Amino acid sequence: MVFKCLDFEEKALDYVKNEVEKIEDKKKRFLSIEYIQKNIIDVIKHRNLKIKPKDLIYASGLFDYLPDRVASKLINYLFKLLNNKGNLIICNVSLENSSHRAYYEMLGGWNMFHRTKEQMFNLAKEIRNASEIYFRNPHNCDKYLFLCIRKK
C-alpha cells in the first residue's frame, strides 16, 4: 500500500512518522509512505502536486480551517485525483454537535469552520462525475461530519 501524507505543518508530518516507526517492521513491510509538506493554497493554485490517481483520498483536520470558497476548490481538485470508483472522504467538525468548540477556539486559539451537513453538501455542489455523495457516521462519532464522495 502506498500512502501520501500531505500537510503544511512539519510537526504534523513528524508526528505521523514517529507513530509509524512504533509499528512492528513485519506489520508495515508492505507499507510505503511519502510525506509531503506543501501549502494547501499553493497546491490549489498551481496544481503542483504530482500524484497518480488514487483509490482513496482521506482529508481530516484540514477543512476545519478553510473558508468555503477554498474548501470547495480543494474538494474539486482532490476529486479529480481519484481513480474511477475511487472515494474521497472529507472530515469536518460538526456545527450542531460540537461540545468542544469553546476549548478549540478560546483555549487553543484556533479559528475553525464548524459546518452543517447542508454546508458540507454545498462545498461539493460543483462535482459532476460522482456516483454518490453521502455522509458516514463511523462509531457514532457525531462531533465530526464525514462527507463521502464516490467517483463513477
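Procedures and definitions
- Residue positions are counted from 1 within each chain, in the order its sequence is given.
- Local features are withheld for residues below a pLDDT of 70 in this predicted model, meaning they are given only at 70 or higher, and side-chain atom pairs are given and counted only at 80 or more; totals for whole chains, interfaces and linings count all residues.
- In computing side-chain properties, one takes all heavy atoms of the structure into account and sets aside hydrogens as well as water.
- Only protein atoms enter the 1 Å grid used here. Points where a 1.4 Å probe fits but cannot escape make up a cavity, open sets with protein on both sides within 12 Å along at least five of seven lines make up a pocket, and a residue lines them when an atom lies within 4 Å of a point.
- Grid points are joined across faces, edges and corners, and a volume is the space filled by probe spheres set on the points.
- Counting from the N terminus, the helices are DSSP H or I runs at least four residues long and the strands are E runs at least two residues long.
- In the scheme used here, Gly and all other residues not listed as nonpolar or charged are polar, with Ala, Val, Leu, Ile, Met, Phe, Trp, Tyr, Cys and Pro taken as nonpolar and Asp, Glu, Lys and Arg as charged.
- Each residue carries a pLDDT score, the predictor's own confidence in it, on a scale running from 0 to 100.
- We treat two strands as partners when DSSP finds at least two bridges between them.
- Axes, fitted as lines to C-alpha atoms, cover a helix only where it is in contact. Angles between the N-to-C directions of the axes lie from 0 to 180 degrees.
- By definition in these notes, contact holds between two residues if any of their heavy atoms fall within 4.5 Å.

Q: Explain the layout of surface pockets to me, please; I cannot follow it from the model alone.
A: Where empty space is left becomes clear once a probe the size of a water molecule has been rolled over the atoms. Taken as a whole, the largest pocket holds about 1100 Å³ of empty space. K4, C5, L6, Y58 and A59 are the residues nearest the centre of the largest pocket, which is lined by 35 residues in total. When contributions to the lining of the largest pocket are tallied by element, the ones reaching two or more residues are β1 (2-7), α1 (10-21), β2 (32-37), α2 (40-46), β3 (54-59) and α3 (68-80). Among the elements that make up the lining of the largest pocket, the one with the highest residue count is β1 (six residues). Residue composition of the lining of the largest pocket, by class: 29 nonpolar, two polar and four charged.

Q: When you look at the confidence of the model for the protein in this model, what are you seeing that I'm missing?
A: Reading predicted coordinates in detail is not appropriate for stretches of low pLDDT. Of all residues in the protein, 89% attain a pLDDT of 70 or more, and the chain-wide mean is 87. The spread of mean pLDDT over the elements of the protein runs between helix α4 (residues 101-107), the lowest at 60, and helix α5 (residues 117-123), the highest at 97.

Q: What am I meant to see in the sheet that holds strand β6 (residues 144-151) here?
A: Within a sheet, neighbouring strands are paired by backbone hydrogen bonds and run either parallel or antiparallel to one another. Judged by pairing direction, the sheet is mixed, and its four strands sit side by side in the order β3-β4-β6-β5 without closing on themselves. Of all strands in the sheet, those with a lone pairing partner are β3 and β5 (130-136), marking the two edges. In this sheet, adjacent strand axes meet at a mean angle of 10° when their direction is disregarded. Across seven bridges, the pairing between strand β4 (residues 82-93) and β6 is antiparallel. By the bridge assignment, N92 is partnered in β6 with L145. Those strands touched by α3 are β3, β4, β5 and β6, and its axis lies near 150° from that of β4.

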